[in-house]
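Descriptive analysis of the structure
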Number of protein chains: 2
Amino acid sequence: MTKPEISPLNSWVQVPKDSDFTIYNLPFGVFQNKRLSPRTGVAIGDKIVDLAVLHDEGFFSDLTQLPNDIFLRDSLNEFISLGKPVTRRVREIVQELLKEDNEMLRDHQIRGKAMVNRKEAEMLMPVKVGDYTDFYSSMEHATNVGTMFRDPDNALLPNWKHIPVGYHGRASSIIPSGVPIHRPKGQYKDPNMEKPEFGPSRRLDFELELAFITGRQTKMGDSISTDEAEDFIFGFVLFNDWSARDIQAWEYVPLGPFLGKNFASSISPWIVTLEALEHFRLQGPSQDPEVLPYLKCEKAHAFDINLEVYIQPGSKSSTKVCSSNFKYMYWNIAQQLAHHTVNGCNINVGDMYASGTISGPTEDSYGSMLELAWKGTKPIKLEDGSERKFIEDGDTVVMRGFCKKDGIRVGFGEVSTKVLPSK
Amino acid sequence: MTKPEISPLNSWVQVPKDSDFTIYNLPFGVFQNKRLSPRTGVAIGDKIVDLAVLHDEGFFSDLTQLPNDIFLRDSLNEFISLGKPVTRRVREIVQELLKEDNEMLRDHQIRGKAMVNRKEAEMLMPVKVGDYTDFYSSMEHATNVGTMFRDPDNALLPNWKHIPVGYHGRASSIIPSGVPIHRPKGQYKDPNMEKPEFGPSRRLDFELELAFITGRQTKMGDSISTDEAEDFIFGFVLFNDWSARDIQAWEYVPLGPFLGKNFASSISPWIVTLEALEHFRLQGPSQDPEVLPYLKCEKAHAFDINLEVYIQPGSKSSTKVCSSNFKYMYWNIAQQLAHHTVNGCNINVGDMYASGTISGPTEDSYGSMLELAWKGTKPIKLEDGSERKFIEDGDTVVMRGFCKKDGIRVGFGEVSTKVLPSK
């Protein structure tokens, strides 16, 4: 993978200051509006480039592998499965067309048709998710949880520094930003209860995560090395791994989280490609003890991505409750994918792999209410004067993510989800 | 649901004595052979009824909801999604056509084309599995595992009798009978090891399970009551939940099994419908303590299904190592599905829900090598004189299942899987 040029790029599309969707980014998504059926778009500023229109006009004609209707599907799976040489070239062509001195699209009669207003578009799920895996790769998060629920002196379990611990989650309930959720109901048994009770969860929580999406498949029995891993990864989205702490606490031994998680997970709808993140690559934390050979990495696989969480009660003003960064993760994406496939588990295009809660070292960088309000003992003050231990009905939780360096900004937009009362 | 007639039914198709595929059964599957592309079939005796041929000939013409090419798909998902009134009627029509005194197909010129030899057919995955859930619903199994690894006096965890414990598994690696698997590699750390090591699993195991398949979808936020549950269930397959005990033991705290399970799960390719099992319905074990209201059942949801496991070393003769029965399960399928959706988790057509290891009360009825050889302390003797603590390379594990009552036999055929050395 080559570093992107750092010479400043400008576009003839007006990109608002602090927009996540600069000409350096160009994430892929699936959108529709009143006029248009579901199709592939690339975001820039407040616009979406309608790739179906560009393709129809012959802008991708040198890519003979592209089927005619490839950008008119309701998911990116088939496009992504064409492989990095194709998807990368499509992104490069779009970037070239958007440069301020390139008149090919700028002065073309189809410009009006090709550039759709983002505000008028509805963003759909960008991929059909076959399988979804959730890791647990932040040492700070695992330490916080271990401290709260087990033993502060032995907060990390013995396996934690040897394997990127993960488990399978529910693919059917992954939804895009903007889709509200209902507070889940379920069984819980607090320590003071004699018997389990049933009702709406009293401890609804978010988990701030990023998820990568695979763009190539493997056969059963095959493994992916850390060195090959990024060739299998198309890009990232923000991921809110909704959690009902009381349901989870009662159910999770010995087989892990189930109903405490599978009622909903919300994602940002624009997939930011690995190419767009290249400029923000860095070395992750050093790992001690040394990992087994199949988990060793030749190159840096961490990324400097700022992450924020906001809570908005009803229609009142929102409060930032967390500022974290993806660079804190102990286990990186190459290790996660190498571990996931070392036993021969096969992967498919569109599979999603969430990072686990991304907590940083400071109290304001914890990625869940469980940690921010420390099990309810330190309620968070919101700007409207109210307090939160967990998430309440009517609250909207918004997560944002962006990279910024050398005057270049590449961001994810947001994943925003309103919580409705139990059905 | 009505009880099937018990007056003896005979077919003009010769059905060998002790065949699982009697005229009372008529399970659905997807097959292909050298001549035929993937399509829907119904098994009877040593034959498969090619439903595409019957449909083409107009035998289902009163079912106007059936698309022309419905039986030429490579999965049953779309057929199943037409709903029980349609799938049940198709099965009834096939049953009617196969009765010995019905000449419509028996004496029809297309009979030769419509009846395919099972031996010459390759069975494919019957459904595309969206999400796969594994439960843990045998009290005997949970007790055995708890006794071995925790505390014989408190073998069952506190939540076990209150919730049908379950977790999400990997959908991508579910394969049909006949597809061999490679021994998985992974990390393990036995109690006597200072550090974790990496290599082929030394404790490869089967788990004898049944899985049901859903035939209707729900929306996020909706729940299914125990009373409605069976309307959402199309049928059952045998399910071998392959497990690498050493990998599982090291990885599973706190988030549950992952690489110890997701390398492969094998299923029998014929889906036995709920209608075919109706005659073998019975009341499951009584539940004490009383379950919460959403888990209470009005009717019986257990089934009397005999289950057997055989180990065949290389091409030598095979040894039966386990005889169990599905009726032992503490939690039934209606409770499992009601629990799974009580939090609003949405389900899709083709989703698979495995029972968890089906162990009975006696030592020869345990559904895994872990229990049969009691953690390696009581090796199992095979007929060729060799011993097994776990499954060895070259072994073929075969699971069979059948119901028998009042002279009526309804069975699953088998799921047979050969274990190859690690890649």
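In every chain, residue numbers begin from 1 and rise along the written sequence. Key to labels: chains lettered from A, ligands numbered from 1, both in the order written. The predicted origin of the model limits local features to residues at a pLDDT of at least 70 and limits the giving and counting of side-chain atom pairs to 80 or more, whereas totals for whole chains, interfaces and linings rest on all residues. As a rule here, side-chain values cover all heavy atoms of the structure and leave hydrogens and water aside.

1. What about the sheet that holds strand β20 (residues 306-313) of chain A?
Residue and element names in this part refer to chain A. Taken in spatial order, the five strands make up an open sheet running β9-β26-β25-β20-β21, and their pairing is mixed. On the outer flanks of this sheet lie β9 (181-182) and β21 (319-325), each paired with one strand and no other. A strand pair is defined by DSSP finding two or more bridges across the two strands. Strands here are runs of E lasting at least two residues and helices are runs of H or I lasting at least four, both read from the DSSP assignment and numbered beginning at the N terminus. Looking at chain direction, β20 and strand β25 (residues 395-405) are connected through eight bridges and run antiparallel. Counted as the bridge partner of Gln312 is Thr396 from β25.

2. What to know about the relation of the copies chain A and chain B
What relates the pair of chain copies is a rotation about an axis plus a shift along that axis. All copies are superposed by least squares; the fitting set is the C-alpha atoms of residues with a pLDDT of at least 70 in both. If you rotate chain A by 180° and push it 0.0 Å along the axis, it lands on chain B with an RMSD of 0.0 Å. In symmetry terms, the pair is related by a two-fold rotation axis. Minimal C-alpha distance to the rotation axis in chain A is attained by Gly256 of chain A, lying at 2.1 Å. Take the interface residues of chain A: 100% of them recur as interface residues in chain B, which is what a same-surface contact looks like. We call two residues in contact when some of their heavy atoms are within 4.5 Å.

3. Some thoughts on the UniProt feature "binding site: Ca(2+)" (unreviewed entry) in chain A
All names here are of chain A. UniProt positions are given in the numbering used here, feature names are shortened, and annotations may be inferred rather than shown by experiment. UniProt feature "binding site: Ca(2+)" (unreviewed entry): in the numbering of this structure it lies at Asp134, Glu207, Glu209 and Asp241. Taking the farthest pair of C-alpha atoms as the criterion, the annotated set spanning 108 residues converges on one region, since that pair is 11.2 Å apart. Mapping Asp134 onto the fold places it in strand β6 (residues 132-135). Three exposure classes are used, based on accessible area relative to the maximum for each residue type with a 1.4 Å probe and protein chains only: buried under 20%, partly exposed in between, and exposed over 50%. On the basis of relative accessible area, Asp134 is assigned to the buried category, the value being 2%. Those residues in contact with Asp134 that lie beyond four places of it in its chain are Gly166, Tyr167, Glu209, Asp241, Ala354, Ser355 and Gly356. Along the chain, the position of Asp241 falls in the loop between β14 (233-240) and β15 (243-244). We classify Asp241 as buried; its relative accessible area is 0%. Excluding anything up to four places from it in sequence, Asp241 contacts Tyr132, Asp134, Tyr167, Phe206, Glu207, Glu209, Lys261 and Ser265.

4. A look at the pairing of strand β21 (residues 319-325) of chain B
Residue and element names in this part refer to chain B. Among the seven residues of β21, five are classified as buried, and the element is accordingly described as predominantly covered. The sheet contact formed by strand β20 (residues 306-313) and β21 spans six bridges and is antiparallel. Across the sheet, residue Tyr310 finds its bridge partner in β21, namely Lys320. What sits between β20 and β21 in their antiparallel hairpin is a turn of five residues, with Gly314 showing a positive phi close to 55°.

5. Describing the pattern of salt bridges
Any Lys or Arg side-chain nitrogen located within 4 Å of an Asp or Glu carboxyl oxygen qualifies as a salt bridge. By the definition in use, this model includes 72 salt bridges over all chains. Its salt-bridge partner being Lys99 of chain A, residue Glu96 of chain A comes within 3.1 Å of it at the nearest N-O pair. On the basis of relative accessible area, Glu96 of chain A is assigned to the partly exposed category, the value being 41%. For Arg388 of chain B, the salt bridge identified is with Glu392 of chain B, shortest N-O distance 3.8 Å. Given the relative accessible area of 39%, Glu392 of chain B is considered partly exposed.

6. Let's talk about the UniProt feature "domain: Fumarylacetoacetase N-terminal" (unreviewed entry) in chain A
Residues annotated in UniProt with the feature "domain: Fumarylacetoacetase N-terminal" (unreviewed entry) correspond here to residues 25-126 of chain A. Helix makes up 33% of residues 25-126 of chain A and strand 20%. Its end C-alpha atoms lie 16 Å apart.

7. Structural notes on a negative patch on the surface
All names here are of chain A. By definition, no residue in a patch forms a salt bridge, and every one has over 30% relative accessible area; like charges are joined within 9 Å, nonpolar side chains (Val, Leu, Ile, Met, Phe, Trp, Tyr) within 5 Å. All accessible areas in this document rest on Shrake-Rupley with a 1.4 Å probe, and a residue is counted as covered only by the protein chains that are shown. We count Lys and Arg on the positive side and Asp and Glu on the negative side, and we leave His and both chain ends out. Note on charges: their place is set at NZ of Lys, CZ of Arg, CG of Asp or CD of Glu. There is a patch of like negative charges on the surface, built from Asp227, Glu228, Asp231 and Glu298. As for its placement among the helices and strands, Asp231 is situated in the loop between α7 (226-229) and β14. With a relative accessible area of 38%, Asp231 lands in the partly exposed category.

8. A look at unusual backbone geometry
The step from Asp288 of chain A to Pro289 of chain A runs through a cis peptide bond, and the omega angle for that step is 10°. One can find Pro289 of chain A in the loop between β18 (281-282) and β19 (302-303). Look at Lys375 of chain B: it is not a glycine, yet its phi comes out positive at around 60°. By the secondary structure assignment, Lys375 of chain B is in the loop between α10 (369-372) and β23 (380-381).

9. Some words on the interface of chain A and chain B
Residue-level contacts link 57 residues of chain A with 57 residues of chain B. Surface buried jointly by chain A and chain B totals about 5,300 Å² across both partners, of which 62% is contributed by carbon and sulfur atoms. Defined in terms of a 1.4 Å probe, buried area is the accessible area two parts forfeit on being brought together, summed over both. When the buried area of chain A at its contact with chain B is split by residue, Arg170, Leu255 and Phe258 of chain A rank highest and sum to 15% of it. Across the salt bridge formed by Asp222 of chain B and Lys423 of chain A, the nearest N and O atoms sit 2.8 Å from each other. Whenever two N or O atoms come within 3.5 Å, that pair is a polar contact, provided that in protein one can donate a hydrogen and the other can accept it, and provided that, for residues adjacent in sequence, both atoms are side-chain atoms. Scanning the region where chain A abuts chain B turns up 26 residue pairs in polar contact (both at pLDDT 80 or more). Elements supplying a minimum of two residues to the side of chain A that touches chain B: β6, β7 (166-169), β10 (185-188), β11 (197-200), α8 (245-251) and α10 (333-341) of chain A. Take the side of chain A that touches chain B: its biggest share by element is four residues, from β7 of chain A.

10. Some points on the sheet that holds strand β3 (residues 47-50) of chain B
All names here are of chain B. Reading across the sheet, the five strands line up as β4-β3-β2-β1-β5 and stay open at both edges, with antiparallel pairing between neighbours. Both outer strands of the open sheet, β4 (115-117) and β5 (122-123), are each paired with one neighbouring strand and no more. In this sheet, β3 lies alongside strand β2 (residues 39-44) in antiparallel orientation, the contact comprising four bridges. By the bridge assignment for β3, Ile44 is matched with Lys47. Whenever a helix is involved, its axis is fitted only over the stretch in contact; in every case the axis is a line through C-alpha atoms, and angles between N-to-C directions fall within 0 to 180 degrees. Running over the sheet, helix α3 (residues 84-98) touches β1 (28-32), β2, β3 and β4 and is turned about 75° from β1.

11. Brief notes about the state of the cysteines
Count a disulfide wherever a pair of cysteine sulfur atoms falls within 2.5 Å. One pass over the structure, following the stated rule, counts zero disulfides over all chains. Note on Cys297 of chain A: no disulfide assigned, nearest cysteine sulfur contributed by Cys345 of chain A at a separation of 19 Å. Judged by its relative accessible area of 28%, Cys297 of chain A is partly exposed. Counting only cysteine sulfurs, Cys322 of chain B is the nearest neighbor of Cys403 of chain B, a cysteine outside any disulfide, at a range of 16 Å. On the accessibility criterion, Cys403 of chain B (0% relative accessible area) is buried.

12. Description of the domain arrangement of chain A
All names here are of chain A. The domain limits used here are those given by an automatic or database domain assignment. Here the domain parsing of chain A yields domain 1 (28-122) and domain 2 (132-420). Counting residues at the interface gives 15 residues for domain 1, matched by 15 residues for domain 2. Interface area for domain 1 against domain 2, summed over the two sides, is near 1,200 Å², with a carbon-plus-sulfur share of 64%. Looking only at domain 1, the three residues that lose the most surface to domain 2 are Phe28, Ile80 and Lys84, adding up to 47% of its buried area. On inspection of domain 1 and its partner domain 2, the count reaches two salt bridges. The closest approach of N and O atoms between Glu275 and Arg88, which form a salt bridge, is 2.9 Å. Taken together, domain 1 and domain 2 are joined by five residue pairs in polar contact (both at pLDDT 80 or more).

13. Thoughts on the nonpolar core
Here, nonpolar core means buried Ala, Val, Leu, Ile, Met, Phe, Trp, Tyr and Cys residues that are tied together by side-chain atoms lying within 4.5 Å of each other. Membership of the largest hydrophobic core comes to 252 residues, with the highest contact counts inside it found for Leu54 and Phe206 of chain A together with Leu54, Val90 and Phe206 of chain B. Not counting chain neighbours up to four residues away, the residues in contact with Leu54 of chain B comprise Val49, Phe59, Phe60, Val94, Leu97, Leu105, Ile110 and Ala114 of chain B.

14. Brief notes about the side chain of Gln187 of chain A
Position of Gln187 of chain A relative to the elements: it lies in strand β10. Taking the relative accessible area as the measure of exposure, Gln187 of chain A reaches 3% and is therefore buried. Within the structure, the side chain of Gln187 of chain A is placed 2.9 Å from the side chain of Trp250 of chain A, a separation counted as a polar contact. Engagement of the side chain of Gln187 of chain A in a polar contact is seen with the backbone oxygen of His162 of chain B, the distance being 2.8 Å. Leave out the neighbours within four places in its chain, and Gln187 of chain A touches Pro196, Glu197, Phe198, Asp246, Ile247 and Trp250 of chain A together with His162, Ile163, Leu292, Tyr294 and Leu295 of chain B.

15. Observations regarding the packing of aromatic side chains
Two aromatic rings from Phe, Tyr or Trp, using only the six-membered ring of Trp, form a pair when their centres are within 6.5 Å; if the ring planes differ by under 30 degrees the pair is stacked, by over 60 it is edge-to-face, and anything between is tilted. This model, assessed by the stated rule, comprises 30 aromatic pairs over all chains. Among the aromatic side chains, those forming a connected cluster through ring pairs are Phe28, Phe60, Phe71, Phe79 and Phe234 of chain A. A ring is considered to have a charge above it if a Lys NZ or an Arg CZ atom is located within 6 Å of its centre and within 35 degrees of its normal. In this structure, Arg409 of chain A packs its charged tip against the face of Phe402 of chain A, placed 4.1 Å from the ring centre. For the cation-ring pair, Arg202 of chain B lies above Tyr188 of chain B, with the distance from its terminal atom to the ring centre recorded as 3.7 Å.

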